[in-house]
Amino acid sequence: MRYIVGIDLGGTNAKIGILDTEGKLITSDSIKTKADMGALDVLKRISEKIESLIMESSLSKSDFIGIGMGVPGPTDTDRGVVKTCPNLIGWENLEVGKILEDLVGLKARIGNDVNVITLGEAWQGAAKGYKNILGLALGTGIGGGIIINGRLVSGISGAAGEVGHMKLVENGNLCGCGQKGCWETYASATGLIREARSRLLVNKENFLWESIEGDLEKLEAKYIFDAAKSGDKFSSDLVDFEVQHLAMGIGNLLNALNPEIVVIGGGISLSGDILFDPLKEKIKSYALGQVLKWVKIEPAKLGNNAGIYGAAALLLMG
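A brief structural summary. These numbers were taken from a predicted model, which means no experiment stands behind them.

Let's shift gears to the overall build of the chain. A tally of helices and strands in the chain yields 11 helices and 12 strands. For a compact globule of 318 residues, the expected C-alpha radius of gyration is about 20 Å, and the chain comes in at 20 Å, within 12% of that figure. For the chain, the spread of C-alpha atoms along the three principal axes comes to 60 × 45 × 35 Å. The buried share of the chain, reckoned over its 318 residues, is 51%. For the chain, restricting intrachain contacts to residue pairs at least 6 apart in sequence, the fraction spanning at least 24 positions comes to 61%. Distance between charge centroids for the chain: 4 Å, based on 33 positive and 38 negative side chains.

Right under this line is the structure:
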């Protein structure tokens, strides 16, 4: 049996796991990223954790194919270079692959985090067995991963899949990217919360307001979906807002990519049927019939370990 190290690098934590080539997670752990200490310090501590996990698993480096790592930003996967990481200062144009290889002594491949998660879902998750896949992560923003004919699409500069910055509304909501009307300003968790707060300022006669005890700082997407499930009309209208904008963006992507399956992850995807049932219906207003005929829309399956699985999949599928 051969093994792979998978690393899911985030702004707060770095998750590290060992998997075998059949997709069994052998062991995993996490460390604090401590991004302010600098990239080299982060990578050194990751390498030390890798060494520790290998030893604890009674394995040797000769048992390993290599290391895969997902990072929150565009990457040049072929050269192992991180182009930039908005949440990690000092990672611009950094040869992360070579640094990890020198530190650990194993081959290393690097990929964008949502691209990597999509690979993980294709390898061992909801998209297993499919060759044409659109992966979406709905969180603070909206990230995308695109697999065509079994191959990950990275683009010339590693930025393919930045679907959250498609424009839905001319001169619409201001986005963190500096432009206006981006999809993620409406359909991400952040966009939904922004809309909910604006409505709550003028309407406090609802269960959602009660559930957050009148404290807008407490508001999370989960509260909105839970209140809607309880029958709160105010919150149901917010779910409709989310479905409308999510369907519009996905419909555009379906028409452009014609995938077999769309896998949706992130916190919003955990809301279940209250999101997915109306979403599948509403998409019919935006996607061509010939595209809809072949596509499935499913929640992601790998949960908190998706990044580890996906990073490992870089060695097998990337």
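A separate point is the sheet that holds strand β9 (residues 142-148). Strands pair in a sheet through their backbones, by hydrogen bonds, and they do so in one of two ways: parallel or antiparallel. The strand order across the open sheet formed by 5 strands is β10-β9-β8-β11-β12, and the pairing between neighbours is mixed. Each edge of the open sheet carries a strand with a single partner, namely β10 (151-152) and β12 (296-299). Of the pairings in the sheet, the one linking strand β8 (residues 133-138) to β9 comprises 6 bridges and is antiparallel in character. Paired with Ile 133 across the bridge in β9 is Ile 147. Along the sheet face, helix α8 (residues 233-257) touches β8, β9 and β11 (261-265) and points at about 155° away from the line of β8. On the sheet, helix α9 (residues 273-282) packs against β11 and β12 and is oriented at approximately 165° with respect to β12.

Here the focus is the nonpolar core. By size, the foremost hydrophobic cluster in this structure holds 46 residues, and its most contacted members are Leu 136, Trp 183, Ile 250 and Ile 264. Setting aside residues no more than four positions away along its own chain, Trp 183 makes contact with Leu 136, Ile 142, Val 163, Gly 164, Met 166, Leu 168, Ser 188, His 245, Leu 246, Gly 249, Ile 250 and Leu 253. Ranked by size, the runner-up nonpolar core spans 33 residues in total, among them Ile 16, Ile 31, Trp 91 and Ile 110.

Within the structure shown, the criterion is met by 11 salt bridges. Lys 61 is the partner of Glu 51 in a salt bridge, and the nearest nitrogen-oxygen pair spans 2.7 Å. Taken together, the positions of Glu 51 in helix α1 (residues 39-56) and Lys 61 in the loop between α1 and β4 (64-71) put the pair 10 residues apart, joining distant regions of the chain. Where Glu 213 meets Lys 218, a salt bridge forms, and the shortest distance between an N and an O atom there is 2.3 Å. When its relative accessible area of 61% is taken as the criterion, Glu 213 is described as exposed. Judged by relative accessible area, which is 34%, Lys 218 ranks as partly exposed.

On to empty space enclosed by the protein, then. One pass over the full model with this rule turns up 1 cavity of 30 Å³ or more. Volume-wise, the largest cavity comes out at about 40 Å³. Lining the largest cavity, in full, are Thr 75, Thr 77, Gly 111, Asn 112, Asn 115, Leu 152, Ser 154 and Gly 158. Split by residue class, the lining of the largest cavity holds 1 nonpolar, 7 polar and no charged.

Let us look at α8. Compared with an ideal rise of 1.5 Å per residue, which puts 25 residues at 36 Å, α8 spans 35 Å between its outermost C-alpha atoms and is within 8% of the ideal. Residue Asn 258 follows α8 closely and has a positive phi angle near 50°.

Let us look at the side chain of Glu 121. Assignment of secondary structure puts Glu 121 in helix α3 (residues 113-124). Among buried charged residues, Glu 121 stands out as having no salt bridge; its nearest opposite-charge side chain is Lys 301, 7.4 Å away. A polar contact is formed between the side chain of Glu 121 and the backbone nitrogen of Ala 126, at a distance of 2.8 Å. Not counting residues within four places of it along the chain, the set of residues in contact with Glu 121 comprises Ala 126, Ala 127, Lys 128, Val 263, Ala 300, Lys 301 and Leu 302.

Conventions we followed
- Residues numbered from 1 in each chain as written.
- Predicted model: local features only at pLDDT ≥ 70, side-chain atom pairs only at ≥ 80, totals over all residues.
- Heavy atoms only, no water.
- Helix = DSSP H or I, 4+ residues; strand = E, 2+ residues; numbered from the N terminus.
- Rg over C-alpha atoms; globule rule 2.2 N^0.38 Å.
- Buried < 20%, exposed > 50% of the residue type's maximum accessible area, 1.4 Å probe, protein only.
- Contact = heavy atoms within 4.5 Å.
- Lys, Arg positive; Asp, Glu negative; His and termini not counted.
- Charge placed at Lys NZ, Arg CZ, Asp CG, Glu CD.
- Pairing = 2+ DSSP bridges.
- Axes fitted to C-alpha atoms, helices over the stretch in contact; angles between N-to-C directions.
- Core = buried A, V, L, I, M, F, W, Y, C linked by side-chain atoms within 4.5 Å.
- Salt bridge = Lys/Arg side-chain N within 4 Å of Asp/Glu carboxyl O.
- 1 Å grid on protein atoms, 1.4 Å probe; cavity = no way out; pocket = protein on both sides within 12 Å on 5 of 7 lines; lining within 4 Å.
- Points joined across faces, edges and corners; volume = space filled by probe spheres on them.
- Nonpolar A, V, L, I, M, F, W, Y, C, P; charged D, E, K, R; others polar.
- Expected span 1.5 Å × (residues − 1).
- Polar contact = N/O pair within 3.5 Å; in protein donor to acceptor, adjacent residues only side chain to side chain.

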